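Fold and geometry: a report
Here is how the chains run, residue by residue.
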Amino acid sequence: MSAYPAETASVLDVDALRAEFPILHQQINGRPLVYLDNAASAQRPACVIDAIADYYRHDHANVHRGVHTLSDRATRAFESARETVARFLNATSTREVIWTRGTTEAINLVAQSFARPRLQAGDEILISTMEHHANIVPWQMVTEQTGARLRVVPIHRSGELDMDAFERLLGERTRLVALSHVSNSLGTINPAARLVNLAHERGIPVLFDGAQAGPHLPIDVQALGCDFYAFSGHKLFGPTGIGVLWGRESLLEAMPPWHGGGEMIRTVTFEKSTWNDLPFKFEAGTPNIAGAVGLGRALEWFMAQDREALAAHEDTLLARCTEVIEALPGLRIIGTAEDKVSVVSFVADDVHAHDLGTILDHQGVAIRTGHHCTMPLLEWYGVPATARASMAFYNTHEEIEILGQALERALAMFRD
Amino acid sequence: MTALEALYRDVVLEHNRRPRNFRRMAAPCGCTDGVNPLCGDRLMVCLRLDGETIAEASFEGSGCAIAVASASMMTEAVAGRTRTQALALADAVSGMLRERSGDLLDGDLAALAAVSAYPSRVKCATLAWEALRAGLTSGATRVSTEDEGAPQDTWAQANESARNGH
């Protein structure tokens, strides 16, 4: 359900929205595309595609320290995108906004630069069963490097975090809590502010993997109270290969750089180098300037929409999609949390998810099938793979009906 | 026939519904797990050889319809063939699936030709065949569609530890 107050939601002109996304208007296998793979990667409006092209056409040069006009333009576009991100997250300062390649790199940065120097043998990092591999593997690597331990908060069958277990697992040796804000496989919205309160009562910092939250929920890092927040551009209607680590300034200040190179230094001699200020200390090398410009444009576009109305529309899509799938015999939904974004994972009794995916594609319907980079979660549910329909605000109720019909046809093919 | 009907021909659906030789073999010479960690498919292929001839082939496990049907067809197609003939057939199947130019095969196996139009599904169709190939050549007990880097046990080692009661 949406975190926006329901009474303010207004009616949304979905057709007008769709008109802004050129990729949606095409035929796949002779049928109109029904794109329901938004949790893997969303599509982008024309203004974002244009912003990237315009940047390369008119403004590109390397950023910072240039004295010529193009360098100045590129720097301004790049840094103004950073200001947009700060606004999007309600961050207090652009010094807290670090460009990364995406959520994965942002989490690795925290693992290597924040956690690694602090971790002693026997210390603990707390994650959960529902994490994406991006929020598991970096912690496995750093615990291996330091002798620390990875602890895993269990979940309930519904796909909700076991809060009692979470409290029990917050211990003397817990050095960091790293959890998804929203689960990519299940759609579960975790009670972020409550998790932060419980961890902070014990002095434990909290990182959120926000990759799936941004497209659906308002993100306010000050209200959440967390210490690190990571997200990716391509799930937020921006380009691939760009993402953000937001971190509390006092923590970032105390962290050593992760990658060394140009841009992140103030002075270099062969004996010693000194580090640049935040956020540049963490941005070695020529950055993904066009990516940042594209993401900035995407967030500006997104923030200019009536996001309450978008979320309310997504909630109706989620409700209808859930109904349609529950009504089909032999299908079972994995992830039935009370508080969900518009993601519906499901399995069929007699049909493998990959067969469903292929058959649906033939009817123009794009869904994702497989483990969704959450192998431990699917193992916990005892399923090798799920099919997942993930909706964005530009999806329509008609598309959900097409999904239902396509699924019905697929199930009929496999029936005896 | 649409491309989809070609991929899921009745013969494929039928093999998936009622897979042949889908059982645990009583006294195999060896078994090889074919795993695709990316989609969670796992098919264990067991063989009983009589000299150089495959007397019996069976499989168990789970996978998509393409993987199961291909495995089912394979157990029928290789029984009675020599090791060399079975490996040649595995090459022919692989050729048909990976390079569309490959010769079409006789019998039920011909129905797999349509998979070549679906690059993301070729690994499904070759899974059991790769297990067969590994079993017949190196005697590996596990083969993966992804390079897992870890050394694999062989049939000989597995049989040895079974004899030692492990």
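Look up: the structure comes first, before these words.
Residues numbered from 1 in each chain as written. Chains lettered and ligands numbered in written order. Predicted model: local features only at pLDDT ≥ 70, side-chain atom pairs only at ≥ 80, totals over all residues. Heavy atoms only, no water.

1. Quick notes on the side chain of A:Gln43
All names here are of chain A. Where we set the bar: In this description a helix means any DSSP run of H or I spanning at least four residues, a strand means any run of E spanning at least two, and both kinds are numbered starting from the N terminus. When a residue's accessible area, from a 1.4 Å probe over protein chains only, is under 20% of the maximum for its type it is buried; when over 50% it is exposed; and in between it is partly exposed. Two residues qualify as a contact provided that any one of their heavy atoms is within 4.5 Å of a heavy atom in the partner residue.
Here glutamine 43 lies in the loop between strand E3 (34–35) and helix H2 (46–59). Residue class for glutamine 43 comes out buried when judged on its relative accessible area of 11%. Beyond its immediate sequence surroundings of up to four residues, glutamine 43 is in contact with Phe21, Ile23, Leu24, Tyr35, Asn38, Phe237 and Tyr394.

2. Brief notes about the side chain of A:Thr129
One can find A:Thr129 in the loop between strand E5 (124–128) and helix H5 (137–146). Contact partners of A:Thr129, with chain neighbours within four places excluded, come to A:Val152, A:Val153, A:Pro154, A:Ile155, A:Leu377 and A:Trp380.

3. Considerations on the environment of A:Asn288
Residues and elements named next belong to chain A. Note the cut-off: Side-chain atoms alone can form a polar contact between residues adjacent in sequence; in general such a contact is a pair of N or O atoms within 3.5 Å, and within protein one must be able to donate a hydrogen while the other accepts it.
The residue asparagine 288 is located in the loop between strand E12 (273–275) and helix H10 (289–304) in this model. The partly exposed category is assigned to asparagine 288, whose relative accessible area is 30%. Setting aside its immediate chain neighbours within four residues, asparagine 288 contacts Phe78, Thr240, Gly241 and Ile242. In this structure the side chain of asparagine 288 is engaged in a polar contact, spanning 2.8 Å, whose partner is the backbone nitrogen of glycine 291.

4. Things to note about the interface of chain B and chain A
Put simply, the test is: Note on definitions: buried area is the accessible-area loss of two parts on being combined, 1.4 Å probe, summed for both. For salt bridges, the criterion is a side-chain nitrogen of Lys or Arg within 4 Å of an Asp or Glu carboxyl oxygen.
Across the boundary between the two partners, chain B contributes 19 residues, which contact 14 residues of chain A. Of the roughly 1400 Å² buried where chain B meets chain A, counting both sides, 59% is carbon and sulfur surface. In terms of surface lost to chain A, no three residues of chain B exceed B:Leu4, B:Arg17 and B:Cys39, which account for 34% of the buried area on that side. Inspection of the region where chain B meets chain A yields one salt bridge. Across the pair A:Asp355 and B:Arg121 runs a salt bridge, and its minimum N-O distance is 2.8 Å. Broken down by secondary-structure element, the contributors of at least two residues to the side of chain B that touches chain A are helix H1 (3–7), helix H2 (10–17) and helix H3 (65–78) of chain B.

5. Some details on the pattern of salt bridges
All names here are of chain A. Counted by the stated rule, this structure contains 34 salt bridges over all chains. The partner of arginine 82 in a salt bridge is glutamate 283, and the shortest N-O contact between them spans 2.7 Å. In this pair, arginine 82 sits in helix H3 (residues 69–89) while glutamate 283 sits in the loop between E12 and H10, placing the two residues 201 residues apart along the sequence. Glutamate 283 shares its class with arginine 82; the two are buried.

6. Regarding the sheet that holds strand E1 (residues 30–36) of chain B
All names here are of chain B. Under the convention used in this document: For two strands to count as paired, DSSP must find a minimum of two bridges between them. Only the stretch in contact is used when a helix axis is fitted, and all axes are lines through C-alpha atoms; the angle between N-to-C directions ranges over 0 to 180 degrees.
With mixed pairing, four strands are arranged side by side in an open sheet as E3-E2-E1-E4. At either margin of the open sheet sits one strand with a lone partner, and together these are strand E3 (53–62) and strand E4 (142–144). Taking the axes of each pair of neighbouring strands and ignoring which way they run, one obtains an average angle of 20° across the sheet. Where E1 and E4 come together, three bridges link them in parallel fashion. Residue pairing for E4: aspartate 33 is matched across the bridge by arginine 142. Lying on the sheet, H3 is in contact with strand E2 (41–50) and E3; it crosses E3 at an angle near 165°.

7. Looking at the packing of helix H12 (residues 353–361) of chain A against helix H14 (residues 397–414) of chain A
The geometry of a pair of packed helices is captured by two quantities: the angle between their axes and the separation between those axes. Residues and elements named next belong to chain A. Basically, it comes down to this: Here the angle decides the label: under 35 degrees means roughly parallel, over 145 means roughly antiparallel, 65 to 115 means roughly perpendicular, and every other value means oblique. Two helices cross in a left-handed way if the nearer one is turned anticlockwise from the farther one by less than a right angle. They cross in a right-handed way if the turn is clockwise. Any residue that is not Ala, Val, Leu, Ile, Met, Phe, Trp, Tyr, Cys, Pro, Asp, Glu, Lys or Arg is counted as polar, Gly included; the first ten are nonpolar and the last four charged.
Interhelical geometry of H12 versus H14 gives an angle of 120° and a closest axis separation of 9 Å. In this view, H12 runs oblique relative to H14, as classed from their interaxial angle. Every pair of crossing elements has a handedness; the one defined by H12 and H14 is right-handed. On the side of H12, the interface is formed by Asp355, Leu356, Ile359 and Leu360, while H14 contributes Leu403, Ala406, Leu407, Ala410, Met413 and Phe414. Grouping the amino acids of the contact of H12 with H14 by side-chain chemistry returns nine nonpolar, no polar and one charged.

8. Regarding helix H5 (residues 122–137) of chain B
Quick reminder: α-helices carry 3.6 residues per turn. Residues three or four places apart thus point the same way. Residues and elements named next belong to chain B. As a reminder of what qualifies: Here the expected length of a helix is defined as 1.5 Å per residue gap, with one fewer gap than residues. Working definition for bend: take the seven residues up to and ending at a residue and the seven starting at it, fit an axis to each, and measure the angle between the axes.
In this model, H5 (16 residues) spans 22 Å end to end at C-alpha, consistent with the 22 Å of a helix rising 1.5 Å per residue. Within H5, the axis deviates most sharply at alanine 128, by approximately 35°. Summarising burial for H5: twelve of the 16 residues are buried, a large majority. Regarding H5, the residues found buried are Val122, Cys124, Ala125, Thr126, Leu127, Ala128, Trp129, Ala131, Leu132, Ala134, Gly135 and Leu136. Immediately downstream of H5, the backbone of glycine 139 shows phi near 70°, a positive value.

9. Remarks on the sheet that holds strand E17 (residues 386–390) of chain A
Residues and elements named next belong to chain A. Spatially, the four strands line up as an open sheet ordered E13-E14-E17-E16, and their pairing is antiparallel. Each edge of the open sheet carries a strand with a single partner, namely strand E13 (331–334) and strand E16 (368–370). If you compare each strand with its neighbour and ignore which way they point, the axes differ by 30° on average. Relative to strand E14 (residues 343–348), E13 runs antiparallel, the two being bridged by four bridges. Residue pairing in the sheet places isoleucine 333 in a bridge with phenylalanine 346 of E14. Sheet strands in contact with H12 are E14, E16 and E17, and its direction is about 160° off that of E16.

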